[in-house]
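Structure at a glance
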Amino acid sequence: MSKLLQFPSQRQLVERLLHLIEFNHPFIFLSGPAGSGRATLCELLLTRLPEKVQVVSLIGRPDMKMGEVRQLLLEQIVDKPLFNPQDALADSFFRMMEGKPATLLLLIERAHELPAEVLSELWTLCRHNDTLTKPHQLATLLTADDVWCRTVRPGLKGRAMPSLELEVAPLSAPEQRIFLYEKAKAQKIPATLLPKAKVEEILSQSKGQPSIIMQALEDIMTDRRPKKSQPKLPIKQVVLGFVAVIGILLALTYLLPSLFSDKPEGQEMAKPVSTTLPAPIPGESPAGAVNQADTQPGAASNDSGALVRDWKPESQVLPKKVESETVTAESGNYEGRRIVISDDVVEKLMTGPSVSGALPSEVVKELTGGESNVAKANEVGSQAKQATGNQAVTTAPASQTGPAKIVEQAAPAPRVALTPVTTLQQKAKTHYSVQLMGASNRPAVDSFVAENQLSGKVWVYQTQFRGSPWFVVLQGDHASLQQAKAAIRQLPPALVKGQPWPKSFAQVQKELKP
């Protein structure tokens, strides 16, 4: 599921977790239903943490006891620790870490499967750490079911900075489709096994959960349905039948010629066909006529069976031989021919988005938003020229110079003045504001305020994040977390797109400290 973290929504959530851990936010709930990608987010978070942060991790199981949980956690903090597993976690921790300041991240996955005492002891550990003169840099991150997080979080009280809940949102429709095709490509699933109807069925059942999509792809590869056994071919019968067919064909090759060569008895000979002889050539007499024809004038007419020898038929004059001329039509002007390509085709080739070929065209249109906003090129003029001879050749001019693109440089946004520190320090620590954005680039903040017409409606302050300046834009002063969330729902769509989130003034004042 590593591809899941390449989406903007998931990447922004990891950046927010890093920001909170950097400023020592003590208690964070990462909530979401099973299969939403909580474990994958934690894996990426561990790869992005600074080297100075020591990670103490634990994956919960329903059969774990409280003593086992304490032992697994403390063994990762101190090498070969000496402690009583029955003592509270806070007592053993501060006794072993006395005079040894540390930067720790307690990462507890599947916290809803652990005993209820784990949550209370972790909360007590954070409260006791706040009372120290030099407190440890301690952050706690619990991943759990969203229902469990909403149930137990309101009961954690007694600290200036309350706990924070971050929810792993389901994948959007375009993200689900890209995730499915990328994973199918990685598993080398043939395209024939993923027709369009099958893809739509998987996406409708996944409900934005990556684990459901992965399970469906694994089912396609393994094909767990029982296969019908193919009947075995009777090899012996097939061979015998083949031999029998060959024997019959050989027998027919010997019998058929003898049957058609013998003539049946009593068959009458065919009678000769009598034909009328053509008229003799005038002036000539047939040679070899009967000798008695001159002495007996009536003998030739009466004897119908008399033979005519050396009869010469009338010679026919053959027609003259006609020779047909082969006319070859050749086109004489090939140099002027060019291929004319439609302007729409050229524009799509020049302005089309660069998207991986593993993805279908429907996915690309859904991500890129259809047609590009790039200005269309001028139409190519075509001229028709009449060629000499018997041919008409259509040519199109190839000289086409694209119009120079004029880029208008936008005027810089007016500079936004930073809010005085005293103004934010006077805010009640228990109140909340809404963080609209955070950036390391001051002109980006100025442009954001100008584009959304927020001048005079927001507070902008500067802090430090990883040794570099960091500018934060806040809006509103709300008495409770619920009021801040309600204010977020009332924001315009352009601001909601940036995923604003509630932020306590206690955290703001902590970031303002040098």
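Quick summary incoming for the structure in this document. (Residues numbered from 1 in each chain as written. Predicted model: local features only at pLDDT ≥ 70, side-chain atom pairs only at ≥ 80, totals over all residues. Heavy atoms only, no water.)

Turning our attention to the nonpolar core. Among the nonpolar cores identified, the biggest contains 34 residues, and Phe 27, Ile 77, Phe 93, Ile 108, Leu 122 and Leu 142 are the most heavily contacted of them. Elements represented by at least two residues in this core include exactly β1 (27–31), β2 (54–59), α3 (66–77), α4 (89–96), β3 (103–109), α5 (116–130) and β4 (137–144). The residues touching Leu 122, leaving out its near neighbours within four places in the chain, are Phe 27, Leu 89, Leu 106, Ile 108, Thr 140 and Leu 142. Val 14, Leu 17, Leu 30 and Ala 139 belong to the second largest nonpolar core, which has 21 residues in total. (Core = buried A, V, L, I, M, F, W, Y, C linked by side-chain atoms within 4.5 Å. Buried < 20%, exposed > 50% of the residue type's maximum accessible area, 1.4 Å probe, protein only. Helix = DSSP H or I, 4+ residues; strand = E, 2+ residues; numbered from the N terminus. Contact = heavy atoms within 4.5 Å.)

Rolled over the atoms, a probe sized like a water molecule indicates the empty space that remains. Taken as a whole and assessed by the stated rule, the structure comprises two cavities of 30 Å³ or more. Residue lining of the second largest cavity: Leu 73, Leu 74, Ile 77, Leu 89, Phe 93, Leu 106 and Leu 125, and that is the complete set. Of all elements in the fold, only α3 and α4 reach the threshold of two or more residues within the lining of the second largest cavity. Counting residues per element, the lining of the second largest cavity draws most heavily on α3, which supplies three residues. Broken down by class, the residue content of the lining of the second largest cavity amounts to seven nonpolar, no polar and no charged. (1 Å grid on protein atoms, 1.4 Å probe; cavity = no way out; pocket = protein on both sides within 12 Å on 5 of 7 lines; lining within 4 Å. Points joined across faces, edges and corners; volume = space filled by probe spheres on them. Nonpolar A, V, L, I, M, F, W, Y, C, P; charged D, E, K, R; others polar.)

Three- or four-residue spacings in an α-helix give side chains the same orientation, since the helix completes a turn every 3.6 residues. For helix α9 (residues 210–222), spanning 13 residues, the distance from its first C-alpha to its last is 19 Å, which sits close to the expected 18 Å at 1.5 Å a residue. Residues Pro 210, Ile 213, Met 214, Ala 216, Leu 217 and Ile 220 constitute the buried set of α9. End-on view of α9: buried residues confined to an arc of 160°, all on one side of the axis. Residues of α9 that are buried make contact with α7 (173–186) and α8 (196–206). (Expected span 1.5 Å × (residues − 1). Arc of directions from axis to C-beta.)

Its volume calculated, the largest pocket comes out at about 1,000 Å³. If you go around the largest pocket, you meet 35 residues; those closest to its centre are Glu 165, Leu 166, Glu 167, Lys 485 and Pro 502. For the lining of the largest pocket, the elements supplying multiple residues, two or more each, are α1 (8–22), β5 (164–167), α16 (481–489) and β9 (501–504). Ranked by residue count, the leading element in the lining of the largest pocket is α16, at five residues. Its residues placed into classes, the lining of the largest pocket shows 18 nonpolar, seven polar and 10 charged.

The next subject is the sheet that holds strand β8 (residues 468–478). Pairing in this open sheet of four strands is antiparallel, and the strands run β7-β8-β6-β9 from one edge to the other. Of all the strands in the sheet, just β7 (459–465) and β9 have a single pairing partner and so form its edges. Strand-to-strand twist in this sheet, taken as the mean axis angle between neighbours without regard to direction, amounts to 45°. Where β7 lies against β8, seven bridges are found, and the strand directions are antiparallel. For Gln 462, the partnering residue across the bridge sits in β8 and is Phe 471. The strands that α16 touches are β6 (432–439), β8 and β9; relative to β9, the one it contacts most, it runs at about 145°. (Pairing = 2+ DSSP bridges. Axes fitted to C-alpha atoms, helices over the stretch in contact; angles between N-to-C directions.)

Counted residue by residue, β6 has seven buried out of eight residues, so it is predominantly covered. Summarising the sheet, β6 and β8 pair through six bridges and their orientation is antiparallel. What sits directly across from Ala 439, in β8, is Phe 471. Pairing geometry for β6 and β9, over four bridges, is antiparallel. Bridge pairing in β9 places Ser 433 opposite Lys 503.

With that settled, the discussion passes to unusual backbone geometry. Apart from glycine, the bulk of residues carry a negative phi angle, and the bulk of peptide bonds sit in the trans form. A positive phi angle is found at Arg 110, which is not glycine, with a value near 55°. The residue Arg 110 is located in the loop between β3 and α5 in this model. With relative accessibility at 44%, the residue Arg 110 sits in the partly exposed group.

Moving on to the pattern of salt bridges. Under the criterion given, the structure shown has 12 salt bridges. Of the charged contacts in the structure, one is a salt bridge between Lys 503 and Glu 511, with a shortest N-O distance of 3.0 Å. Residue classification places Glu 511 among the buried positions, given a relative accessible area of 3%. Overlapping salt bridges bring together Arg 61, Asp 63 and Glu 68 as one network. (Salt bridge = Lys/Arg side-chain N within 4 Å of Asp/Glu carboxyl O.)

Turning our attention to the sheet that holds β3. Taken together, five strands build an open sheet; the order of strands is β2-β3-β4-β1-β5 and the sheet is parallel. Looking at the sheet topology across the chains shown, the edges are occupied by β2 and β5. Recorded for the sheet is a direction-independent mean angle of 20° between the axes of neighbouring strands. Bridge count between β1 and β5: four bridges; the pairing is parallel. Along β5, the bridge assignment pairs Ser 31 with Glu 167. Running over the sheet, α1 touches β1, β3, β4 and β5 and is turned about 165° from β5.

A few words on the environment of Leu 142. Checked against the element boundaries, Leu 142 lands in strand β4. Placed 111 residues apart in sequence, Leu 142 and Ser 31 show a C-alpha to C-alpha distance of 8.3 Å. The contact partners of Leu 142, leaving out residues within four places of it in the chain, are Phe 27, Ile 28, Phe 29, Leu 30, Ile 108, Ala 111, Leu 119 and Leu 122.

What follows concerns the packing of aromatic side chains. What the rule picks out here adds up to six aromatic pairs. One aromatic cluster is present, built from ring pairs that chain together Phe 27, Phe 29, Trp 123 and Trp 148. Lying across the ring of Trp 123, Arg 159 places its NZ or CZ 5.7 Å from the centre. (Phe/Tyr/Trp six-rings, centres within 6.5 Å; stacked < 30°, edge-to-face > 60°. Lys NZ or Arg CZ within 6 Å of the ring centre and 35° of its normal.)

If you check which residues of α8 are buried, you get Val 199, Ile 202, Leu 203 and Ser 206. Down the axis, α8 shows its buried residues gathered within 95° of arc, on one side only. Residues of α8 that are exposed and point more than 90 degrees away from the buried face comprise Ala 197 and Ser 204. Looking at the buried positions of α8, the neighbouring elements they touch are α7 and α9. Following α8 by one or two positions, Lys 207 adopts a phi angle in the positive range, close to 55°.

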